[in-house]
Amino acid sequence: MEPSKQPLSKLLTIEGTYESYRIPKYQRPYSWGRDDWQQLLDDIEDDSNETEGHFMGSVICVDVSSGTPGDPRIFELIDGQQRLITLSCLLIALWSKFNNLVKVAEGTSDVGSTWDEDDLSDIRSTMDDVRRKILRERRYQSDEKMPSMSILSHYDSDHFYVGRRKRTDYFCRLLPSTQDFNRDDYIYALSRYGLLPDVDFKMPIRWGSRRLARCLSYLFETLPSDFSSLRKLFKRINALVFIHISVNSQADAFRLFEAINNRGVPLSALDIIKNSILATLERSEPGSIDESFKYWSSMTETLGEDSIVHESYLRHFYNAFQFEDKRNVPKHNRATRSTIIRIFESMIKADAKGLLTDLVERATYYAAVTQPEKISIDDQQRRWSLVNLSRVEAKPSHQFLLYLLDSPRCQNSWNLYRC
């Protein structure tokens with residue numbers, strides 16, 4: 001483990017090293033809202049310590065760098081994505097504000113300007129500094145052969161490549177997860193806000209309605225428009241302090257993450273249980289985390305998008321099958337919202353792999369109970385029965401029906417009346 005105290009300016013751009021952060025696909029999507037965005041701005045502006053910026057807490061990363069000389073240093077971000085994504089959005093909005101000032105100074109805006117060449121040079125220098133915290137650049141000499149676009153595009157998801165302008169390739173400093181279109185929204189924003197003017201990205205579907213787009217819009221509208229205030233803000237952003245913790249494995253990262261979570265980091269019960277299963281499987285089978293997450297995701301996809309259904313399934317799963325081998329947790333006859341995490345942590349410790357397998361396989365039955373109109377059921381009599389139960393909102397029956405549909409007799413007949 002390598003903990004170090006770093007300002008944001010060093011966290012994103014260490015001299016002589018290309019730092020990049022990738023958010024793994026198993027992380028939950030970006031979820032901060034207006035209150036969080038405003039609180040961040042207030043913290044940056046109101047911190048009384050002028051010699052050292054506002055303390056932003058820790059970021060936990062797994063160093064997945066290739067180790068090849070000249071290659072970027074790449075970290076997978078286990079804890080800290082909400083803060084770093086928001087700060088990256090803030091830097092994008094800040095750069096766009098500076099860019100508007102340059103347009104005025106160059107006469108490409110309808111607004112008049114009193115800027116001279118020294119002022120313009122100062123703005124451009126600051127813009128370059130902001131850009132380096134958002135994008136990495138790989139510039140090619142005139143006699144240097146450039147890699148083909150197809151090769152770079154092939155490595156897009158792993159190597160942060162986002163586009164080419166003349167003889168320069170651009171790579172993200174931060175690569176969000178693919179969850180909820182976070183990655184597509186973020187990369188599109190680089191073009192929309194002017195950082196990649198010659199690279200054309202298609203606007204993602206429903207772009208304006210998602211959190212990342214609303215975050216960028218809110219920050220852009222909230223930021224000042226004069227150069228002095230913007231430069232002062234950028235100085236404060238650069239000075240924000242983090243504790244950067246780098247570990248060598250996913251298992252070590254999850255151990256740290258669990259310790260931080262126990263001190264009060266707000267996660268849903270579903271997130272905590274998912275992370276606990278993934279961490280346990282990764283410790284027993286190093287390198288299995290992507291496959292385990294894919295398996296977990298097949299369960300949530302079967303259950304649909306509603307996280308309330310996901311959590312109710314976990315409670316009903318325990319209540320229905322607690323008397324099976326490695327499932328019973330002493331002194332817990334029934335799973336509730338307040339006990340569900342403790343119960344699942346005990347079951348995970350006893351048999352994480354078997355538990356995940358059972359959760360995935362039985363999710364089909366729970367989906368048939370909670371949303372029968374979306375599940376493929378050949379027996380129309382059964383579908384009619386389940387749809388009617390769903391319409392009358394017979395939620396107290398969900399646990400019993402889950403147990404019933406899982407029984408061998410019911411599986412063989414696939415007829416509700418014969419179960």
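To be clear, the structure that these remarks concern was listed above.
Okay, so let's go over this structure. Since the structure is predicted, the reported quantities are computational estimates derived from the model, not experimental observations.

Criteria and cut-off values
Each chain has its residues counted from 1, following the order in which its sequence is written. Restriction of local features to residues with pLDDT of at least 70 applies here, the model being predicted, together with a cutoff of 80 or more for giving and counting side-chain atom pairs; totals for whole chains, interfaces and linings are based on all residues. Side-chain descriptors were evaluated using all non-hydrogen atoms of the structure, hydrogens and water having been removed beforehand. A helix here means a DSSP run of H or I that spans at least four residues, while a strand means a run of E at least two residues long, and both kinds are numbered starting from the N terminus. A 1.4 Å probe rolled over the protein chains alone gives each residue an accessible area, and that area as a share of the maximum for its type sets the label: buried under 20%, exposed over 50%, partly exposed in between. In this description, contact between two residues means that some pair of their heavy atoms is separated by no more than 4.5 Å. Per-residue and other accessible areas follow the Shrake-Rupley method at a 1.4 Å probe size, with only the shown protein chains counted as cover for residues. The span you would expect from a helix comes to 1.5 Å times its residue count less one. To be clear, the arc concerns the directions from the helix axis to the C-beta atoms. In summary, the pairing rule links any two rings of Phe, Tyr or Trp, Trp by its six-membered ring, whose centres are within 6.5 Å, and it sorts them by plane angle into stacked for under 30 degrees, edge-to-face for over 60 and tilted for everything else. The rule is short: NZ of Lys or CZ of Arg within 6 Å of the ring centre and within 35 degrees of the ring normal puts a charge over the ring. Each salt bridge in this description consists of a side-chain nitrogen of Lys or Arg and a carboxyl oxygen of Asp or Glu lying within 4 Å of one another. Only the stretch in contact is used when fitting a helix axis, every axis being a line fitted to C-alpha atoms; angles between N-to-C directions are given from 0 to 180 degrees. Put simply, angles under 35 degrees are roughly parallel, angles over 145 are roughly antiparallel, angles from 65 to 115 are roughly perpendicular, and the rest are oblique.

A few points about the overall build of the protein chain
- Looking only at helices and strands, one finds 17 helices and nine strands in the protein chain.
- Counting across all 419 residues of the protein chain, residues that qualify as buried make up 52%.
- The contacts in the protein chain between residues at least 6 apart in sequence include a share of 70% that link residues at least 24 apart.
- Summed over all atoms, the accessible surface of the protein chain reaches about 21300 Å², with 48% contributed by carbon and sulfur.

Observations concerning helix α12 (residues 289-303)
- Relative to the 21 Å expected for 15 residues at 1.5 Å per residue, α12 spans 21 Å between its end C-alpha atoms, a close match to the ideal helical length.
- Three or more residues of α12 are buried, namely I289, S292, F293, W296, S297, M299, T300 and L303. Viewed end-on, α12 has its buried residues packed into an arc of 155°, placing them on one side of the element. Projecting away from the buried face of α12 at angles above 90 degrees are the exposed residues E291, K294 and E301.
- Two residues or fewer after α12 comes G304, characterised by a positive phi angle close to 95°.

Remarks on the packing of aromatic side chains
- Counted under the stated rule, the structure contains nine aromatic pairs.
- Ring geometry for F98 against F227: centres 5.7 Å apart, planes inclined by 65°, an arrangement best described as edge-to-face. Note that F98 is positioned in helix α3 (residues 81-105) and F227 in helix α9 (residues 227-239), a separation of 129 residues in sequence.
- For F227, a relative accessible area of 8% translates into the label buried.
- Ring pairing ties together the aromatic residues Y313, F317, F321, Y366 and Y403, which thus form one cluster.
- Looking at K97, its charged tip hangs above the ring of F220, at a distance of 4.6 Å from the centre.
- Note that R362 overlies the ring of F321, its terminal NZ or CZ placed 3.7 Å from the centroid.

Quick word on the pattern of salt bridges
- Under the defined criterion, the tally for this structure stands at twelve salt bridges.
- Across the pair D271 and R28 runs a salt bridge whose closest N-O atoms are separated by 3.8 Å. Note that D271 is positioned in helix α11 (residues 269-284) and R28 in the loop between β2 (19-22) and α2 (34-46), a separation of 243 residues in sequence.
- For the salt bridge of D129 with K133, the shortest nitrogen-to-oxygen distance reads 2.9 Å.
- Judged by relative accessible area, which is 23%, D129 ranks as partly exposed.
- What makes K133 buried here is its relative accessible area of 3%.
- Residues participating in the shared-partner salt-bridge network are D129, R132 and K133.

Comments concerning the packing of α2 against α3
- The contact between α2 and α3 brings their axes to 11 Å, and the two run at 75°. The orientation of α2 with respect to α3, classified from their angle, is roughly perpendicular. Contact residues: α2 offers W37, L40, L41 and I44, while α3 offers T86, L87 and L90.

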